[in-house]
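Chain residues, written in single-letter form:
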Amino acid sequence: KSAPARPPAFQFYVKDFLTSKAVRFMSRDEISGYVFLLCEQWDTEDCLLPADDAELAELSASAGVADVPRRRELWAACNERILARFKKEKKSQKLFNEKLRLQWQALKAGRQKCSEAGKKSAAVRWKSRKTAVDSPGSIDSAGVTLVIH
C-alpha cells in the first residue's frame, strides 16, 4: 500500500502576511528565505524542518546562490529574522512555523476522518451486497438478476 500523497498546496493568508510587522521589517532576502522555508516545511512528511543551520541555508532562498560561501554568508545575514518565525518541536528538535503546522495538522485530521468515513461506508455497502447475493433473486457476478422460483 503506497503512502498517501502529501498535500500539494497550503493556504497563504495574504492579509496576515502583508500586515505582519515581522514580515514588514524583513529584507527581500529574508522574505524570500522565509517563504522558501514555509514551502519546504509543507513539502516534508511531517511538516517539520531540520534544525541544522547548513541544511536550512540550502533549503532557504539562499540556495539560489550558486557560490557556496556566498550562500552561507547570505543565510548568516538573514537567519535571525527568518528563524524568529519558527519554533522548535520538543520531541524531534525540528523547526516549524506554528500557523503552517496547524493548517497541516487540520488537513491531515480531515483526510483521516474522510478515510474512516469512506471505509465505514464501504463496509456497510459490502455487507448489504453480501446479504443480497446470498438471498434468492440476487444479482450474479455479471450483474444479471437471477429469478429463482
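Look up: the structure comes first, before these words.
Because the structure is a prediction, the values reported are computed rather than measured.

A.B. asks: Is there a simple way to think about the packing of aromatic side chains in this case?
C.D. replies: To describe a pair of aromatic rings, you give the distance between the ring centres and the angle between the ring planes. By the definition in use, this model includes four aromatic pairs. A ring pair is formed by F12 and F17, whose centres lie 5.0 Å apart and whose planes are at 50°; its orientation type is tilted. The class for F17 is buried, based on a relative accessible area of 16%. Considering the side-chain rings of Y34 and F86, the 6.0 Å spacing of their centres and the 80° angle between planes classify their relative orientation as edge-to-face. Placement of Y34 in helix α3 (residues 28–42) and of F86 in the loop between α5 (68–83) and β1 (87–88) is noted, with a sequence separation of 52 residues between them. Each member of the pair, Y34 as well as F86, is classed as buried. By way of ring pairs, the aromatic residues F12, F17, Y34 and F86 are connected into one cluster. The aromatic ring of F96 is capped on one face by R101, whose charged end is 5.9 Å from the ring centroid.

Criteria and thresholds
Along every chain, residues carry numbers that run from 1 in the direction the sequence is written. A pLDDT threshold of at least 70 governs which residues receive local features in this predicted model, and a stricter bar of 80 or more applies before side-chain atom pairs are shown or counted, although totals over entire chains, interfaces and linings include all residues. Side-chain measures here rest on the full set of heavy atoms in the structure, leaving out hydrogens and waters. Stacked, edge-to-face and tilted are the three classes for Phe, Tyr and Trp ring pairs, Trp counted by its six-membered ring, which pair at centre distances within 6.5 Å; planes under 30 degrees apart are stacked, over 60 edge-to-face, the rest tilted. When accessible area is computed with a 1.4 Å probe and restricted to protein chains, residues below 20% of their type maximum are described as buried, those above 50% as exposed, and intermediate ones as partly exposed. Comment: elements are numbered from the N terminus, with helices defined as DSSP H or I runs of at least four residues and strands as E runs of at least two. The rule for a charge over a ring is simple: NZ of Lys or CZ of Arg within 6 Å of the ring centre, and within 35 degrees of the ring normal.

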